[in-house]
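# Working through the structure, step by step
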Amino acid sequence: MDRWLVFLKERLPVPVLLLLSFGAGLSCLHLDQKPFQPLFLLLGTLQPGLFLLTLRLMDEVKDFEKDKQVHPERPLPRGLLSVTEVTRAIYLGLGLMFVVALIHGLQGRSLACGLYAFSTIYLWLMYKEFFVGTQLEKSPFLYAVTHQVIMLPLAASIRAMNLSSFSWPEFLSPGLMYLGVFFTFEICRKLDPNAVPLLRTYRVHYGERTTGLMILFTTALTLTGTFLLYAGSTWSLTVLIAFALSVPLSYLLLLHKQYKAIEGLASLSLLVHIWWPYGRALIGV
């Protein structure tokens, strides 16, 4: 157990995991302004939590060979955990995700059950890189698109606990907003100009101009999801648009001065967008 705690501390700190999963669960459930049920809150937190934890484990296994060369200090390359141990944990995580989907099904929430089961199967396909890993590896952006799109059914599966059917705007929000803001963060955390080419980071692989256009694209996704969610709320639109646009603006101003600050702003924007659907009610806006 101690080895796993060290792993989590280094690769997915528990406070960060809880901040993301609890925020997403609270926010998605709060959107339809129905009374909280303890079971719903537990499941709504478990759904993104299990997903993020299992995804982290998958990435560690998939990156093992590269990490042996580029990041030998990470848990798997240095022998803290074996690939076999982590692989077993991956399938345990997938199994627990199916259990959560089954709980929804047994309690009559077929929409939530179906969406979370689909998210689980899609996550497994991500682990297998859709059986076209060689082709996907040639294009980091296409690889990211195929992996980030899971935000749509994942977020919808939480909201579906309160809904028996969806209109398209309800299905796409807040998932589209989360898709955009997570995707933006994914790009912004890979802006090191001196990164080893083997890592295929965006700035090194595509160059600064194309990477900037990618950030504009993912920001546009964030803004589209935000408008779907808050078309009638001037205050919410003002705050979220400001945070979303701060990232591409910082890319223009800080790329050659302090590129890590761009990642910091993308992280802050991510947290604000995740927590805002619930947080706005707490501050009365």
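Our structure is the block above this text.
Now for a quick tour of the structure. These numbers come from a predicted model, not from an experiment.

With that settled, consider helix 6 (residues 110-127). For helix 6, spanning 18 residues, the distance from its first C-alpha to its last is 26 Å, which sits close to the expected 26 Å at 1.5 Å a residue. Of the positions making up helix 6, those classed as buried are Ala112, Leu115, Tyr116, Ala117, Ser119, Thr120, Tyr122, Leu123, Met126 and Tyr127. Contacts from the buried residues of helix 6 go to helix 3 (38-62), helix 5 (83-106), helix 8 (140-148), helix 9 (151-159) and helix 10 (168-172).

Now for the state of the cysteines. Under the criterion given, the structure shown has zero disulfides. In this structure cysteine 28 is a free cysteine whose sulfur lies 18 Å from that of cysteine 113, the closest cysteine sulfur available. Note on cysteine 28: relative accessible area 0%, which makes it buried.

So, about the packing of aromatic side chains. The way to describe two aromatic rings as a pair is by their centre distance and the angle between their planes. A complete count under the given rule lists 11 aromatic pairs for this structure. Measuring from ring centre to ring centre gives 6.1 Å for phenylalanine 118 and tyrosine 122, while their planes differ by 35°; the resulting arrangement is tilted. Remark: tyrosine 122 and phenylalanine 118 occur in helix 6; sequence separation between them is four residues, near one turn of the helix. According to the relative accessible area criterion, phenylalanine 118 is partly exposed, its value standing at 46%. In this structure tyrosine 122 comes out as buried when scored by relative accessible area, which is 16%. Aromatic pair tyrosine 122 and phenylalanine 130: ring centres 5.2 Å apart, planes at 65°, arrangement edge-to-face. What makes phenylalanine 130 partly exposed here is its relative accessible area of 22%.

What counts, and at which threshold
- Residues numbered from 1 in each chain as written.
- Predicted model: local features only at pLDDT ≥ 70, side-chain atom pairs only at ≥ 80, totals over all residues.
- Heavy atoms only, no water.
- Helix = DSSP H or I, 4+ residues; strand = E, 2+ residues; numbered from the N terminus.
- Expected span 1.5 Å × (residues − 1).
- Buried < 20%, exposed > 50% of the residue type's maximum accessible area, 1.4 Å probe, protein only.
- Contact = heavy atoms within 4.5 Å.
- Disulfide = S-S within 2.5 Å.
- Phe/Tyr/Trp six-rings, centres within 6.5 Å; stacked < 30°, edge-to-face > 60°.

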